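Structure at a glance
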Amino acid sequence: MTRASPTARARRAGADTGVDQELQEQGGWWTSPSTGSVAVATSVMRRLAWALMIAGPVLGGWALVSQPSADAHPAPVVKSSSGDVAGPGGFAEMYVAAFLRAGEGSQNELAAFYPRAADLELGGKPDAVQVGQIAAVRVKDIAPGRYWSVTVAARVLEPTPKNSAASSNGEQPLIRMRFFQVPIEADRDSGPLTALALPAEVAASSGASSKAELVYGTPMPAQASDPAVDTLSAFFASYLSGSGELGRYVSPGTRLSPVRPAPYRAVTITQVAVERDFQDSDGDERIGAPAGRERLRLVVDVKAARTDGIARPLS
């Protein structure tokens, strides 16, 4: 066995050190670290672990202290728009319904809407008057977001008067449409709603103006020989009764789905009203029958037969 001389060993160690330094400079990978390197790395990792263990509680306490208090940034309060009338309208409907059904012992139920109702004297049995349908038909904004005047229409079933002919004959209760006006206030802006008084019974509105009319001509009876009526019949049969393919009767690109499930079994065109004024392809207003590819607006009256055979008129 040949021993290397001290000079040779020194040269070899110098060569290895040069290779290590070159690998470090070039970012190379260490494949066989020395024992001293491992010991140094182990010592560093041990000290780092102790440092993290000591710093952990300190960092946790700092995180708790540094958190903002709950009152520092309160959550924003979402307020309803002053133009939103669904709230006052629905509140008035429930209030009037409770008022109509009220009887002896119903004070607390009414007080939920009108606080002063707790001191009212109520007679009769509760639910003597039954509310069939109820709806807010007018909501007048007195002060935006604060005060409203709501008119409620109620379809009620009233008991027959005592000692009357209807009562002695055992007839059904009376069905009447009644109207009530209710003042409503919001607690601050858009806050909880409260009624300011008992419902005031008012007369029914005069109804729609007789001057209101559609901008169409006089309805004319549908002629079976008219190709347009034939197309309309096929369209509505497919749309309302599920008979035939709807896509054949609509313009390309139009998205329209039939009513499902089909509420009718047959549809018949009864009359058609044609819009008098329309625009041709150049945008000029004309009066008369359309020609070519011009569009025409119609009001179509149909008679749709339900599944039980009863026909109902529709427009």
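Quick look at the structure, then. (Residues numbered from 1 in each chain as written. Predicted model: local features only at pLDDT ≥ 70, side-chain atom pairs only at ≥ 80, totals over all residues. Heavy atoms only, no water.)

Overview of the nonpolar core
Of all hydrophobic cores here, the largest spans 22 residues; its most connected members are Y95, L100 and I184. Counting only elements with at least two residues in this core, the list comes to helix 3 (86-101), strand 2 (147-158) and strand 3 (174-186). In terms of residues, this core owes the most to one element, helix 3, which gives six residues. Apart from the residues within four sequence positions on either side, L100 is in contact with V129, V131, A154, V156, R178 and F180. (Core = buried A, V, L, I, M, F, W, Y, C linked by side-chain atoms within 4.5 Å. Buried < 20%, exposed > 50% of the residue type's maximum accessible area, 1.4 Å probe, protein only. Helix = DSSP H or I, 4+ residues; strand = E, 2+ residues; numbered from the N terminus. Contact = heavy atoms within 4.5 Å.)

Describing the sheet that holds strand 6 (residues 220-221)
In spatial order, the strands read 6-7-10-11; together these four strands make up an open sheet with antiparallel pairing. Either end of the sheet is taken by a strand with one partner, and the two such strands are strand 6 and strand 11 (311-314). Direction of pairing for strand 6 relative to strand 7 (residues 264-274): antiparallel, over a ladder of two bridges. Of the residues in strand 7, the one forming a bridge with M220 is V272. (Pairing = 2+ DSSP bridges.)

Comments concerning the packing of aromatic side chains
For the structure on display, the rule yields five aromatic pairs. Look at F99 and F180: their rings are 6.1 Å apart centre to centre, the planes differ by 70°, and that puts the pair in the edge-to-face class. Taken together, the residues F99 in helix 3 and F180 in strand 3 connect sequence positions 81 residues apart. Taken together, the ring pairs in this structure connect F91, Y95 and F113 into an aromatic cluster. (Phe/Tyr/Trp six-rings, centres within 6.5 Å; stacked < 30°, edge-to-face > 60°.)

A few points about the side chain of D301
On the secondary structure map, D301 appears in strand 10 (residues 298-306). The charged side chain of D301 is buried without a salt bridge, its nearest counter-charge being K303 at 11 Å. Within polar-contact distance, the side chain of D301 engages the side chain of Q271 at 2.7 Å. Excluding its chain neighbours within four sequence positions, the residues that come into contact with D301 are T268, I269, T270, Q271, L314 and S315. (Lys, Arg positive; Asp, Glu negative; His and termini not counted. Salt bridge = Lys/Arg side-chain N within 4 Å of Asp/Glu carboxyl O. Polar contact = N/O pair within 3.5 Å; in protein donor to acceptor, adjacent residues only side chain to side chain.)

Topic: the layout of surface pockets
Once rolled over the atoms, a probe with the size of a water molecule shows which space is left empty. Computed from the structure, the second largest pocket encloses a volume of approximately 190 Å³. Every residue along the wall of the second largest pocket is listed here: M220, P221, A222, Q223, D226, A228, V229, L232, V272, V274 and L298. Counting residues per element, the ones that place at least two in the lining of the second largest pocket are strand 6, helix 6 (227-241) and strand 7. Looking at the lining of the second largest pocket element by element, the count peaks at three residues for helix 6. (1 Å grid on protein atoms, 1.4 Å probe; cavity = no way out; pocket = protein on both sides within 12 Å on 5 of 7 lines; lining within 4 Å. Points joined across faces, edges and corners; volume = space filled by probe spheres on them.)

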